[in-house]
Amino acid sequence: MNYQWAAEHLAFRDEVETFIHEWRTPALLREYRAREGAGGGPLLTEYYAALQQKGWMRMCWPREHGGEGQNPIYRFILVETMEYWGMPYGNLTYTSIAPTLATHGSEEQKQRYLPGIWSGEYTFAIGYSEPNAGTDLASLRTRAEKVSGGWRVQGQKIWTSLAAQSTHIWLAVRTDPDRPKHAGISLMVIETGSEGVTIRPLPTLSGLTTYETFYDNVFVPDENLIGPLHGGWEIIMHALNHERVGLSPTGNLARNYDLLVEHLMKHAAQKLQDPVLRIRLAEMKMEVQRHRALAVCNAVSIARDEMSPGLASMAKVSGSELRYRMTNLAMDLLGRAGALTEAAGELAPGGGRQESTWRASPILRFGGGTNEVQRSIIAARHLGMAR
Amino acid sequence: MELELGETRQLLRAAVRKFLEAECSFERVRECEREGRADLKLWRALCAQGYLATPFPSELGGGDGGIKDAGLLVEEVARRAALLPIVEVLASALTLHHHGAGDDATTLLQQTLSGEALPVPALLEAQDDFDRIELRAPAADGLRGEKFFVDYATAASHHLVTARDSDGELALYVVATDDAALKCEALPNLGRTPQSRVRYDGARARRISGPDGVAFLVQVARALTCAQLLACMDASLSRTVAYTNVRKQFGRPLSTFQAVQHHAADMAMHIESSRFLTYETLDALDRGVASEEQVALTKASLSRALPDVVMTGHQLHGGQGYIEENDLYFFTIRGKDRCLAWGSAEECLGIVARGVEQKARWL
């Protein structure tokens, strides 16, 4: 029993921080925000190339899939450090699609897609959810019918984030409507520019745009089927598992706290002496530590190669709910200025960070498996409650 | 970072658990509660097994463990709701070991670990504030004044009393409880643990440690109290899960209702974060790097979590958990009392509040 980070883990964090300080420029962050998290801008491309050079993106992958086979705890430290400093470290294309392709793709598919993903040239949007298949994803209805040399896809997806910036769509389709619902799904890659694909923007409360995508008789060649026919559900589950270690990081919550206090120290030194406000801040600090406890427990459990779905769900619920509570309180503490957006300029505390995070917080609670589903997972898998 | 107990500690925990389950029935605990006394017979048996010495070096007859092992012992005792002065004696003994000065301290430590002596801290006064101590160091006519909220004062052989030196510094004095100049008045409390207001009318007192020892005693006792809180929450949850798995309404177990599952999930989240923070803090104390803020933050967190957890346990038990035939109540009342002991959530948040300008830890 030892609650200390090993020297090599702290050294890795320091190395990542040094790299961050070298690259973290307002111009890069601006480009990152403008691209809504997709790769492809000139500065981002250069940055991702440098990140690739470091070998950090794949260091925890198995060697047979082109990684270094390092312990996943390094991934956790990388994610936490990047999150603290608000730096990009790859979207879902890097962190979820690429490792899934490496595991389930054919040799030819790996050659075709992986280099473009590493260079930032390819961005994949994920097409899972449909208007009538959200939490109950397995009831999805977008159909793929077999034709000569490939498939014809007909249907509609929603929340296809990054669709407009993407080069490809990672699509879950029903290939056999007569099988039980989990067993009739397949995974395919569609080039976003294919004939019959329509993209409709859906601006969200966060300021970012998500998309609805329509597939009207879109032809998908045979070689774009990923993994076995009707074997899509396992691949979807596999892709989700890759997100477990850096799920719900503490870094950005701690950063949020630090920036709030920094702002108060600079602009409201007198207010900061108010004992009531200080207790509120102490509570916030306590809550960040409570969340860190769950995030580290989850990471350490994954690093030990244990399957603890309950811990992953706890980290997800805890982090997403704290994000809301924390920014909510921060805005209260800031008063009217707390509601000013970035566009208000200097008067907006921390560039409107609290306001924008508060506004964006709902998606963390309902997205990635709703917190209701997560709580049921905790009850069943962690506590062994009868279902 | 290694959060598993490891083989030695697993064995220790299993042995203590087995011993307590065999020796300490809940009926026996109820009897002690009714009589308002500590279970001294059980205490002697626990000492005779050598468990109390586990956190101490082998030269002292111990198991070369540390404060984390003390935490494990405390957790096991709290899981049984046993009326034993485990936190009080371990915190006293650890203070004697790390900060005790002179032969008196050495002798008292040895006697404590062998079970001959039973020292408990007597720190608080009417203000209920560890810093606001008015008791003066004993003059020629002995120690004169009052201490409040002294846990297990009547079961103890010695009290470790804080008093101010002539230069205003806090120091720790040992007073034997067979001194005729010492009077205890029982303070009935929610936790149903023996607690007293103690009056010292010229008691003989010997100095055994200075301000560092006093500060250490508070930190260690505060952290060990977290282990009590953790065990109370855990016991409440495991009973709740077991009950909802078998109790049927509308033809199905309660645990199959999502509303019930989600309450239990919230309890579990409180407990897992509490477990991590508690042992991380005990580990930091073991390594001598725990700050006052870290200990206070952990205590505040658990003291805030416990009422939510145990009250949810009651909610899911319904009437069954409300009757005292059911063992659930032990963890509710002991737990809430421990929330207030060694610094309430409010008091501990006040300590954290002093350092809000320091950055938040994220790794």
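Computed from a predicted model, the values in this text were never measured in an experiment.

(A) Geometry of the packing of helix α5 (residues 86-99) of chain B against helix α7 (residues 211-246) of chain B. All names here are of chain B. It is at 9 Å that the axes of α5 and α7 come closest, and there the two elements cross at 145 degrees. Handedness of the α5/α7 crossing: right-handed. Where α5 abuts α7, its residues Val87, Leu90, Ala91, Ser92, Leu94, Thr95, His98 and His99 lie against Asp212, Gly213, Phe216, Leu217, Val220, Ala221, Leu224, Thr225 and Gln228. Residues that form the contact of α5 with α7 fall into these classes: nine nonpolar, seven polar and one charged.

(B) Up close: the domain arrangement of chain B. Residues and elements named next belong to chain B. According to the domain assignment, chain B contains domain 1 (7-113), domain 2 (119-211) and domain 3 (213-354). Here the C-alpha centre of domain 2 lies 22 Å away from the C-alpha centre of domain 1. Between domain 1 and domain 2, the residue contacts involve 21 residues of the former and 17 residues of the latter. Between domain 1 and domain 2 lies a buried interface of about 1500 Å² when both sides are counted; carbon and sulfur atoms form 68% of it. When the buried area of domain 1 at its contact with domain 2 is split by residue, Glu88, Asp104 and Leu108 rank highest and sum to 31% of it. Between the two partners, domain 1 and domain 2, sit two salt bridges. Salt-bridge contacts for Arg206 lead to Asp104; the nearest nitrogen and oxygen are separated by 3.1 Å.

(C) Examining the interface of chain B and chain A more closely. On the chain A side, the residues contacting the 52 residues of chain B number 55 residues. Around 5100 Å² of area is buried between chain B and chain A when both sides are counted, 65% of it from carbon and sulfur atoms. The largest share of the area that chain B buries against chain A comes from Met1, Trp362 and Leu363 of chain B, three residues that together contribute 19% of it. Inspection of the chain B/chain A interface yields six salt bridges. For Glu357 of chain B, the salt bridge identified is with Arg278 of chain A, shortest N-O distance 2.9 Å. Inspection of the chain B/chain A interface yields 25 residue pairs in polar contact (both at pLDDT 80 or more). At the level of secondary structure, the elements contributing two or more residues to the side of chain B that touches chain A comprise α7, α8 (258-286), α9 (292-317) and α12 (345-354) of chain B. The biggest single contributor to the side of chain B that touches chain A is α8 of chain B, with 18 residues.

(D) A look at the pattern of salt bridges. Under the defined criterion, the tally for this structure stands at 50 salt bridges over all chains. Measuring nitrogen to oxygen at the nearest pair gives 2.6 Å for the salt bridge that ties Glu35 of chain B to Arg37 of chain B. When its relative accessible area of 32% is taken as the criterion, Arg37 of chain B is described as partly exposed. A salt bridge links Asp234 of chain B to Arg79 of chain B; its shortest N-O distance comes to 3.3 Å. Separated by 155 residues along the polypeptide, Asp234 of chain B in helix α7 and Arg79 of chain B in helix α4 (residues 67-79) bring together distant segments of the chain. Beyond isolated ion pairs, a larger network of salt bridges with shared partners links Arg280 and Glu283 of chain A together with Arg304 and Glu346 of chain B.

(E) Quick peek at the side chain of Arg174 of chain A. As for its position among the elements, Arg174 of chain A is in strand β4 (residues 168-174). Not counting residues within four places of it along the chain, the set of residues in contact with Arg174 of chain A comprises Ala138, Ser139, Leu140, Thr142, Arg143, Ala144, Lys181, Gly184 and Ile185 of chain A.

(F) Up close: the sheet that holds strand β1 (residues 119-122) of chain B. Residues and elements named next belong to chain B. Across the sheet, which stays open at both edges, the four strands sit in the order β1-β3-β4-β7 with mixed pairing between neighbours. Edge positions in the sheet fall to β1 and β7 (205-209), since each has one partner strand and no second. Looking at each pair of strands side by side, their axes are set apart by 35 degrees on average, direction ignored. With four bridges joining them, strand β4 (residues 170-176) and β7 adopt antiparallel strand pairing. Bridging across to β7, Val174 finds its partner in Arg206. Set on the sheet, α5 makes contact with β1, β3 (158-164), β4 and β7; between it and β1 the angle comes to about 90 degrees. In this fold α7 packs onto β1, β3, β4 and β7, with an angle of close to 75 degrees to the strand it touches most, β4.

Calculation notes
- Residues numbered from 1 in each chain as written.
- Chains lettered and ligands numbered in written order.
- Predicted model: local features only at pLDDT ≥ 70, side-chain atom pairs only at ≥ 80, totals over all residues.
- Heavy atoms only, no water.
- Axes fitted to C-alpha atoms, helices over the stretch in contact; angles between N-to-C directions.
- Helix = DSSP H or I, 4+ residues; strand = E, 2+ residues; numbered from the N terminus.
- Left-handed = near helix turned anticlockwise from the far one by under 90°.
- Contact = heavy atoms within 4.5 Å.
- Nonpolar A, V, L, I, M, F, W, Y, C, P; charged D, E, K, R; others polar.
- Domains from an automatic or database assignment.
- Buried area = accessible area lost by both parts, 1.4 Å probe.
- Salt bridge = Lys/Arg side-chain N within 4 Å of Asp/Glu carboxyl O.
- Polar contact = N/O pair within 3.5 Å; in protein donor to acceptor, adjacent residues only side chain to side chain.
- Buried < 20%, exposed > 50% of the residue type's maximum accessible area, 1.4 Å probe, protein only.
- Pairing = 2+ DSSP bridges.

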